[in-house]
Protein chains: 2
Amino acid sequence: MSKVITLKERPSGKPEEKNFEFKTEDKPEIGEGEILLESKYISVDPYLRGRMRDEDSYIPPFKIDEPLASMVVAEVIESKSNDFEKGDHVSGMLDWKEIQKHTGEGLNKITNKDVPLSAYLGILGLTGLTAYLALETIGKLKEGETLLVSGAAGAVGSVVGQIGKIKGCRVVGIAGTDEKIDHIKSKFGFDAGINYKTTENIKEDIAKACPDGVDVYFDNVGGDILDAAMQNINDFARIINCGAISIYNKEEVPKGMRLEGIMVKKRALMQGFIVRDHADQFQDAIKQLGSWLADDKLKFDETKREGFDNVPKAFIEIFEGKNTGKMLVKV
Amino acid sequence: MSKVITLKERPSGKPEEKNFEFKTEDKPEIGEGEILLESKYISVDPYLRGRMRDEDSYIPPFKIDEPLASMVVAEVIESKSNDFEKGDHVSGMLDWKEIQKHTGEGLNKITNKDVPLSAYLGILGLTGLTAYLALETIGKLKEGETLLVSGAAGAVGSVVGQIGKIKGCRVVGIAGTDEKIDHIKSKFGFDAGINYKTTENIKEDIAKACPDGVDVYFDNVGGDILDAAMQNINDFARIINCGAISIYNKEEVPKGMRLEGIMVKKRALMQGFIVRDHADQFQDAIKQLGSWLADDKLKFDETKREGFDNVPKAFIEIFEGKNTGKMLVKV
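Residues numbered from 1 in each chain as written. Chains lettered and ligands numbered in written order. Predicted model: local features only at pLDDT ≥ 70, side-chain atom pairs only at ≥ 80, totals over all residues. Heavy atoms only, no water.

As annotated in an unreviewed UniProt entry, chain A carries the name NADP-dependent oxidoreductase and comes from Zunongwangia endophytica.

What follows is the structure, given as C-alpha cells:
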C-alpha cells in the first residue's frame, strides 16, 4: 500500500490541514519502459497555493480529490526502462505519493553525488534554477557591474546574490529585517543590504549602496521598491520581473510611477521570467549550480520536516514564516 | 561664402525665428583625406527642440552661437579622400551650413539611385531606421503575429506598420483623428485603426481590433495607451518603448497602472530604444529599406520647404502641425 495526499477542498485564505485528505492505494504494477519511484524528499512552495485556486494561470489548477504535486526527489525501486536502474535517484514534478509509477519523461537523473539529495529541491531545484536561468537569459551580468536584488534573503534572492559575487559583481540586497540583512552579508557574501521597512528614503539608500548605479535589478517583489530601483538604473540596465508579491492578491491593479520615460532614456530592458519556460536548459543549469555547490561557492538555507504525514503541515508553516530558506519534507 | 545657422538663444516654450541667427563664413579649404560638402536637403525634427535645452541627455545640447545640426543629404563638391569622389552624395549628421568640410567618418554614401535623395532624411533616415531597427532588435516579428502601433500616422509609426505588413502580420494603428485612421489604412495598408480621442474604451477597442491578442506593441506615446495595450498582450509579447510623449515635459512623473504583474504573468519583454545606439547597423538597414522602397513596398509622406533661409521656419512649423509626415528643406 502507498499513501497519497489529495486536495479535499480549495483553501479560502491561509491553507488549513482540513483542505487536504490522505488516501491509500495499491502499489502500482509497472509496464514495459516504466519505473517505480519511492519519494525521498518533497518540496513545499508558496506558488502551490496559486495552483489550489480554480483559475487559469501558466500552470493548470489542482483538481479536487486528485493528488497534489510538487518537486520531489525519489529513488527508482523497480525499473523496466532502459534509461533508469534500480537505485538511481531522480528529481522532478511528481505527485504527493509515497510510491508512484512513471515513464521517466521530464525527470532529471541525479548523477552528482557530491551534494546532498535535498539540494535538488532548492538550490538545484526550481529556486536555484530560477536564480541562475533568469540571470543567464535576461540579466547577462558582466564583471564589475552592480546587481541589486529584492527579496534578498529568500530562497531565490540568496542564490541570485551569490551568483552575482561569483560573476565578479557588486551585490546589494533588499530585505525586511536587520537580521536578514546581517545574514545575507555574513552567510551569502552580499556587499551591502537595505532594510526596506526601516529606511527613510529607499531611493537614496539604493543610490548610496550602489555608487556606480544599478546595472541589473532582480525584482522579486514589485511595487515601490521597483520604482526606487528604476530611479537608480544605468544606461542599458536589465530588470528581471521574477515576482510581484506586493501587487498579488489585490482586487485592483495598484498605481505606481510611470516607467516608460526611464525605459526610453536608459534604453533599459525589463522582462518577466517564469522558470518552467526554460525546461530545456535545466540539465546544464543543474550541472553548473552543482559544480559551484560542490566547490562550496554556493551556500543555502533549508528547513526540513520529517515524515510523509507532515507534508500538508509543512506547507501551511510557510505561510506562518516558520522556515528559513527552502522548506521541504524528508519522507 | 557660405551661410551658417547658429543657435542665438535657447527657446523658452515653442521655438521662434529670433532664437536663430544667420552668419556667413568663407568657403573652407580641405586638407588631405577631407571632402567638401554642399547641403542639398536638411531634415528638421521635433527631437532637435530637446537639444536646444541646456540639459544632459543621450546627446549633448547645442551650444549658443554655434551651428545647429541635423541629418542632411549633401553632395561632394571637392574630394581629397580616397573614399569619395566629386559628385557622390552622402547622408549624415551635419551642420546647418550651405558648404562644410568633413573627414567622411560616420557618413553614409548614397549608392541606391532608385529612390529620391530626400528619402534619406525620412524613410531611409533616422525615422525609417528607428522603425526598422527597433522591430529587428526588439520586436522580432513572426508571420501571423499581431502588431499594435501608437502614433501610427507619424513618420516612425507609418513605417512600423508597413514593415509589419511586409512581415505578414496583422497590423493595428492608434492615432488621434479619423482622417489619420483613414490614411494609415488606405495609404499604408494597416488592417485596422483606433482613434484614441473618440474611443469610449480603448482597452476594449484594442481587444476587438486584435482578436488574437497583441504580440508586439510599438509604443511611441506611453501613458494610458500603453496601459490599455498591456492589458491585451499575449504570452512572450514584446513592447518597444520608443517614445513617451504623454509624459515628457511634465514636472512630476505621472502615475499609471503597475505593469510588473502583467510582465511576470505574460513573460513579456519591454525595452527602451534609441536609434543612435545602433549606428553599426545603419548601412545594412538602409540597404533593406531602400530595396523595399524601390520595390514600392514602402510608402511615405513628406512635406518639403524650399531654400536654406527657410530652415528655422520649417523647424518651427513642425510644432504648429503644418507637416504631414517628414518635414524637410530642399536647399
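Attention now moves to the interface of chain B and chain A. Each side of the interface is counted separately: chain B has 33 residues, and chain A has 33 residues. Summing both sides of the interface, chain B and chain A together bury roughly 2800 Å²; the carbon and sulfur share of this comes to 60%. Per-residue buried area on chain B facing chain A is highest for R258(B), V264(B) and R267(B); these three make up 26% of the total on that side. Where chain B touches chain A, the interface holds six salt bridges. (Contact = heavy atoms within 4.5 Å. Buried area = accessible area lost by both parts, 1.4 Å probe. Salt bridge = Lys/Arg side-chain N within 4 Å of Asp/Glu carboxyl O.)

All names here are of chain A. For the pair helix 2 (residues 126–139) and helix 3 (residues 155–166), interaxial distance at closest approach is 8 Å and the crossing angle is 45 degrees. By the angle between their directions, the pair helix 2 and helix 3 is classed as oblique. Helix-helix and strand crossings are classified by hand; for helix 2 and helix 3 the assignment is right-handed. When helix 2 is examined against helix 3, the residues T127, G128, T130, A131, Y132 and L135 are found in contact with a partner set consisting of A155, V156, V159, V160 and I163. Considering only residue class, the contact of helix 2 with helix 3 consists of eight nonpolar, three polar and no charged. (Axes fitted to C-alpha atoms, helices over the stretch in contact; angles between N-to-C directions. Helix = DSSP H or I, 4+ residues; strand = E, 2+ residues; numbered from the N terminus. Parallel < 35°, antiparallel > 145°, perpendicular 65-115°, else oblique. Left-handed = near helix turned anticlockwise from the far one by under 90°. Nonpolar A, V, L, I, M, F, W, Y, C, P; charged D, E, K, R; others polar.)

A word on the UniProt feature "transmembrane region" (unreviewed entry) in chain A. According to UniProt, the "transmembrane region" (unreviewed entry) feature falls on residues 117–135 of chain A. Measuring from the first to the last C-alpha atom of residues 117–135 of chain A gives 24 Å, for a span that is 53% helix and 0% strand. (UniProt positions renumbered as here; feature names shortened; annotations may be inferred.)

Okay, the side chain of R267(A) next. Mapping R267(A) onto the fold places it in the loop between helix 7 (260–266) and strand 14 (269–272). Within polar-contact distance, the side chain of R267(A) engages the backbone oxygen of K265(A) at 3.2 Å. (Polar contact = N/O pair within 3.5 Å; in protein donor to acceptor, adjacent residues only side chain to side chain.)

Moving on to the pairing of strand 16 (residues 326–330) of chain A. Residues and elements named next belong to chain A. With four of its five residues buried, strand 16 lies for the most part within the structure. Strand direction decides the pairing type here: strand 3 (residues 35–43) and strand 16, joined by three bridges, are antiparallel. Among the inter-strand pairings, Y41 is bridged to a residue of strand 16, identified as K330. Where strand 15 (residues 302–306) and strand 16 come together, five bridges link them in parallel fashion. Looking at the pairing, K304 lines up with L328 of strand 16. Handedness of the crossover joining strand 15 and strand 16 through helix 9 (residues 311–318): right-handed. (Buried < 20%, exposed > 50% of the residue type's maximum accessible area, 1.4 Å probe, protein only. Pairing = 2+ DSSP bridges. Right-handed = clockwise from strand over helix to strand, strands pointing away.)

Strand order across the open sheet formed by 12 strands is 10(A)-9(A)-8(A)-11(A)-12(A)-14(A)-14(B)-12(B)-11(B)-8(B)-9(B)-10(B), with mixed pairing between neighbours. Each of the sheet's edge strands pairs with one partner strand only, and the pair in question is strand 10 (192–195) of chain A together with strand 10 (192–195) of chain B. With direction set aside, neighbouring strand axes in the sheet form an average angle of 15 degrees. Pairing of strand 11 (residues 214–219) of chain B with strand 12 (residues 233–241) of chain B involves five bridges; the strand directions are parallel.

Here the focus is the relation of the copies chain B and chain A. Both copies of the chain are placed relative to one another by a rotation about an axis and a shift along it. For the pair chain B and chain A, the best superposition has an RMSD of 0.0 Å and corresponds to a rotation of 180 degrees with a translation of 0.0 Å parallel to the axis. What the superposition gives is, in effect, a two-fold axis relating one chain to the other. Both copies present the same face, since 100% of the interface residues in chain B are matched by interface residues at the equivalent positions in chain A. (Least-squares fit on C-alpha atoms with pLDDT ≥ 70 in both.)

Okay, the domain arrangement of chain A next. Residues and elements named next belong to chain A. When its domains are assigned, chain A resolves into domain 1 (2–122 + 300–330) and domain 2 (126–276). Here the C-alpha centroids of domain 1 and domain 2 sit 30 Å apart. The interface is formed by 10 residues belonging to domain 1 together with 10 residues belonging to domain 2. Carbon and sulfur atoms supply 52% of the area that domain 1 and domain 2 bury against each other, a total of about 850 Å² over both sides. In this structure, the salt-bridge partner of D301 is K187, at a minimum N-O distance of 2.6 Å. (Domains from an automatic or database assignment.)

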